[in-house]
Amino acid sequence: MLSDNKDGCCSTHLIDGDGGFNVAGVDNFMKEVKLAECGLSYAVVSIMGPQSSGKSTLLNHLFRTNFREMDAYKGRSQTTKGIWMARCVGIEPCTIVMDLEGTDGRERGEDDTAFEKQSALFALAVSDIVLINMWCHDIGREQAANKPLLKTVFQVMMRLFSPRKTTLMFVIRDKTRTPLENLEPVLREDIQKIWDSVPKPQAHKETPLSEFFNVEVVALSSYEEKEEQFNEQVANLRQRFFHSIAPGGLAGDRRGVVPASGFSFSAQQIWKVIKENKDLDLPAHKVMVATVRCEEIANEKYASFTTNEEWCQLEEAVHSHSVRGFGRKLSSILDTCLSEYDAEATFFEEGVRSSKRKQLEEKLLQLVQPAYQSMLGHIRSDTFERFKEAFDKALKGGKGFALAARECTESFISRFDEECTDAIIDQAKWDSSRVRDKLRRDVDAHIAEVCTAKLSEVTSLYETKLNEALAGPVEALLDGASDDTWPAIRKLLQRETDTAVSGFAAALSGFEMDEESRDNMVFRLKDYARGVVEAKTKEEAGRVLIRMKDRFSTLFSHDQDSMPRIWTGKEDIRAITKTARSASLKLLSVMAAVRLDDEGDNIDKTLSLALVDGRAGASSARSITSVDPLASSTWNEVPPSKTLITPVQCKSLWRQFQTETEYVVSQAIAAQEASKRNNNWLPPPWAIAAMVILGFNEFMTLLRNPLYLGVIFVAYLLFKALWVQLDISGEFRNGVLPGVLSLSTKLLPTVMNLLKKLAEEGQGVASGEPQRNPAVASKSFRGSSSTNDSGDVSTSAPSEVTSENGTEYSSSSLHDKMQ
């Protein structure tokens, strides 16, 4: 029977429901589609799967064929009997598709599966691509997923036919929310297991599945519920069948392909061989019954176990916490279930009974394995938490780190092994070594983490000590820069480093580190100490100009007793300036480079010659050579890494330093000159000589009349007292005219005050009044007054005269000055 439609699809009944091969129909089909003209450029696709699984519907949508589809409104029944064949529409090269009768149909019954196996084997033998149609919810099942059928087909095909690489494409229908990437590994694993279990000829004992089959997995949405999505996915799948025979295509392996002209004869012979193959006969009735019944009993016991109240309670409990006696309880439940199976299946064929019992046991163990893993997980986590608490307590108790880690690890690993022994299931030979290794890794990781933290804590502690012990002293030593500064810094660094290293090594002893690691940590601590000194030196070098100005100001403005200088005119400002600048230059040379390695350099000498000593002979030096020793960015014998201030920078800093200190020097010179002018009241030497020569007669007169000397002495005392009281030098500081006006107003009151006090002193002496203690009666001569017992204000006679600027003169001192 040959059918056609307006779209150009041609189909025929290849093999009828009774196993008859339609030779005439195949020949007519080949003429209609001109298959003989295709040579090797054609492909054969077949589909198999359970009855009413939508195979014909898929083919009609995928290849635009016209296979008869099931009418859902009439109920689920067989629509395809035998094998139908049709040409795909619109696909190049010419592609032939075969629609196989569905497996597991009620029309044939459970005892007549020979045709299913024969048709499946035929499809694998003649097809390049075999579509295995299956429901998504059947994945993991035996019969619905065609596992026994495929096993038989693999075995017989290898024995009957030459190896040929066929593409097995599993089409998962009515895909659920489960991602395809989770479904695909399950299918591939099942196919691999089937392949591994099939007895193979000696020549193919080690041949992998990939040598015979390419396995592909695709998934389609529900045709009834998601028709648009289904059509879109089918359209995408259809594209894969275009040029399928090209290298890398779905039918790319063309080994052993029969030319298109011989397709009908080849297919007929293959079907004949399959029909006569005795290996595909149904198993013996006894074995079949034992298989069915033992499988039913096993399924019943499995279902009974899943609803067992004791197991459900145990499973629920173990998900939240560890259960004491878990292994003993679960082993008892499993043993009861298997014993019940043995009691009911004891009279069935031994081989089948044992096989099904083993399958039941595997399923039960697979069911309880998650609970067992949860139990191990609880044991591991509980043991780990207790370990951390015990380890922390041991460290706080002062025990050595390595000793505490070793003892706690051994103790809690032993506890873990004991608790795992309690969780062992008798029927399973599961190994807890993975969980034990995971616990050991967690313990080791925690120890390493704590070790790192403790080592970091110890290192930070000694680094802080070094920083406190070095930063301040180094700053002080640099501030008082001298020739002994760097030797003192090196000595300080060595002493503090040795002290810190000694304590650090003692602290590390409890960690039982290897010698290399310990030496590396000690070296890093020493390096840190050097880094502190270098960082502090670098910091101070950044403030060197401020330090230089401070040192200059201190030395220039203060004497050797650290007292402020008073520029009286006797000081050698040039020498003081040179000394202060030399000290500032010493500070610059000390901070110019880091000298922790006790290596000699000429920085100090270079700076002195270029900036201080060489100034005097600068003009003559220029005539001899034009090379500036500071015109460089590096110091001789000093590596760049140790250089803090380059020669060029030193020269620039020195210029800025001189500029900013010249004002202080000029102010000191001005103050000195002003002091000289104020204190120089003597006439010029020539005037003194003239006075001696011209006043010789008057001098002889004074010698002949000593009374004149007394008068002159008294007049001098009065004049000196008036000078001090009126502060004549101070009055004339603001100018001559303001001084004269001020003195004119103060002269008479001051003279009267002096005379009055002299009179009172004279009266006191004449009346015989005892003389007061000079120390107590001493008052300021400038208008000081006291109140007597009667309330009168009286002026005491002065024993001292105090000037405006605080200088005190006694009467004896006035006499000495006159002398």
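Residues numbered from 1 in each chain as written. Predicted model: local features only at pLDDT ≥ 70, side-chain atom pairs only at ≥ 80, totals over all residues. Heavy atoms only, no water.

The protein has the name Protein ROOT HAIR DEFECTIVE 3 homolog in an unreviewed UniProt entry, where Nicotiana tabacum is given as its organism. Taken directly from UniProt, the Subcellular location (unreviewed entry) text for the protein runs: "Endoplasmic reticulum membrane". Entered under Function (unreviewed entry) in the UniProt record, the comment concerning the protein runs "Probable GTP-binding protein that may be involved in cell development." (UniProt positions renumbered as here; feature names shortened; annotations may be inferred.)

Novice: Please explain the overall build of the protein as it appears in this structure.
Specialist: Scanning the protein from terminus to terminus reveals 27 helices and 12 strands. Approximately 46100 Å² of the protein is accessible, and the part contributed by carbon and sulfur atoms is 52%. (Helix = DSSP H or I, 4+ residues; strand = E, 2+ residues; numbered from the N terminus. Areas by Shrake-Rupley, 256 points an atom, 1.4 Å probe, with all protein chains shown as cover.)

Novice: Mind showing me how you'd approach the side chain of Ser 127 here?
Specialist: Positionally, Ser 127 belongs in the loop between α3 (114-126) and β6 (129-135). Separated by 2.9 Å, the side chains of Ser 127 and Ser 46 make a polar contact. Side-chain polar atoms of Ser 127 contact the backbone oxygen of Ala 123, separated by 2.7 Å. (Polar contact = N/O pair within 3.5 Å; in protein donor to acceptor, adjacent residues only side chain to side chain.)

Novice: Explain the UniProt feature "binding site: GTP" (unreviewed entry) in the protein to me, please; I cannot follow it from the model alone.
Specialist: If you check UniProt for "binding site: GTP" (unreviewed entry), the listed places come out as Gly 49, Pro 50, Gln 51, Ser 52, Ser 53, Gly 54, Lys 55 and Ser 56 in our numbering. On the basis of relative accessibility, which here comes to 0%, the residue Gly 49 falls in the buried class. Take Gln 51: its relative accessible area is 16%, and that puts it in the buried class. (Buried < 20%, exposed > 50% of the residue type's maximum accessible area, 1.4 Å probe, protein only.)

Novice: I keep staring at the UniProt feature "transmembrane region" (unreviewed entry) in the protein and nothing clicks. Help me out?
Specialist: Mapped onto the present numbering, the UniProt feature "transmembrane region" (unreviewed entry) falls at residues 707-724. Within the segment residues 707-724, helix and strand shares are 100% and 0% respectively, and the terminal C-alpha atoms sit 26 Å apart.

Novice: Can you help me understand the nonpolar core in this one?
Specialist: One broad rule of soluble globular proteins: the nonpolar side chains tend to lie buried together. With 105 residues, the main nonpolar core has Phe 326 and Phe 391 as its most contacted residues. If one sorts the elements of this core by residue count, helix α11 (residues 350-396) sits on top with 15 residues. When residues no more than four places from it in sequence are discounted, the contact partners of Phe 326 are Leu 314, Val 318, Ala 371, Tyr 372, Met 375, Asp 422, Ala 423 and Ile 425. (Core = buried A, V, L, I, M, F, W, Y, C linked by side-chain atoms within 4.5 Å. Contact = heavy atoms within 4.5 Å.)

Novice: What am I meant to see in the pattern of salt bridges here?
Specialist: Any two side chains of opposite charge can pair if their charged atoms end up close together. This structure, assessed with the given rule, holds 28 salt bridges. In this structure, Lys 536 and Glu 475 form a salt bridge, with 3.7 Å as the shortest nitrogen-oxygen distance. Within this pair, whereas Lys 536 is found in helix α15 (residues 515-542), its partner Glu 475 is found in helix α13 (residues 433-479), the two being separated by 61 residues in sequence. Among the residues examined, Lys 536 registers a relative accessible area of 12% and is labelled buried. Accessibility expressed as a relative area gives 26% for Glu 475, which makes it partly exposed. The closest approach of N and O atoms between Lys 642 and Glu 534, which form a salt bridge, is 3.0 Å. Of this pair, Lys 642 sits in the loop between α19 (618-624) and α20 (647-679) while Glu 534 is found in helix α15, placing the two residues 108 residues apart along the sequence. One network of salt bridges, with partners in common, ties together Glu 475, Asp 479, Lys 536, Glu 539, Glu 540, Arg 543 and Arg 547. (Salt bridge = Lys/Arg side-chain N within 4 Å of Asp/Glu carboxyl O.)

Novice: Got a minute to help me understand helix α12 (residues 401-422) in this structure?
Specialist: An α-helix turns once per 3.6 residues; consequently, residues spaced three or four apart project the same way. Its 22 residues place the ends of α12 32 Å apart at the C-alpha level, agreeing with the 32 Å of an ideal helix rising 1.5 Å per residue. All buried positions along α12 are accounted for by Phe 401, Ala 402, Ala 404, Ala 405, Cys 408, Thr 409, Phe 412, Ile 413, Phe 416 and Cys 420. Down the axis of α12, the smallest arc covering the buried residues is 145°, so these residues share one side. More than 90 degrees from the buried face of α12, the exposed residues found are Glu 410, Glu 418 and Thr 421. On its buried face, α12 is in contact with α11 and α13. (Expected span 1.5 Å × (residues − 1). Arc of directions from axis to C-beta.)

Novice: Before we go on, may I ask you to explain the pairing of strand β7 (residues 166-173) in this structure?
Specialist: Put simply, side chains in a regular strand alternate between the two faces of the sheet. In terms of burial, β7 is a largely internal element, 8 of the 8 residues being buried. What you see with β7 is no split at all: Thr 166, Leu 168, Phe 170 and Ile 172 on one side and Thr 167, Met 169, Val 171 and Arg 173 on the other are buried throughout. As judged from the 7 bridges shared by β7 and strand β8 (residues 213-219), these two strands associate in the parallel manner. Across the sheet, Leu 168 pairs through a bridge with Val 215, a residue of β8. What joins β7 to β8 is helix α5 (residues 180-197), and the crossover it makes is right-handed. (Pairing = 2+ DSSP bridges. Right-handed = clockwise from strand over helix to strand, strands pointing away.)

Novice: For this particular structure, what's the right way to read the packing of aromatic side chains?
Specialist: One pair of aromatic rings is described through two measures. These are the centre distance and the angle between the planes. A full pass over the atoms with the stated rule returns 15 aromatic pairs. Seen from their ring centres, Phe 552 and Phe 556 are 5.3 Å apart, and the 10° between their planes marks the pair as stacked. Residue Phe 552 and its partner Phe 556 are located together in helix α16 (residues 544-557), separated by 4 residues, close to a single helical turn. Each member of the pair, Phe 552 as well as Phe 556, carries the same accessibility label: buried. Over the aromatic face of Tyr 302 sits the side chain of Lys 363, whose NZ or CZ is 4.5 Å from the ring centroid. (Phe/Tyr/Trp six-rings, centres within 6.5 Å; stacked < 30°, edge-to-face > 60°. Lys NZ or Arg CZ within 6 Å of the ring centre and 35° of its normal.)

Novice: In this structure, what is going on with the environment of Pro 473? I would like to understand it.
Specialist: Turning to its location among the elements, Pro 473 is positioned in helix α13. Assessed through its relative accessible area of 31%, Pro 473 is described here as partly exposed. Taking C-alpha positions, Pro 473 is 8.3 Å from Ile 489, a pair spaced 16 residues apart along the chain. In contact with Pro 473, other than residues within four places in its own chain, are Glu 468 and Leu 492.

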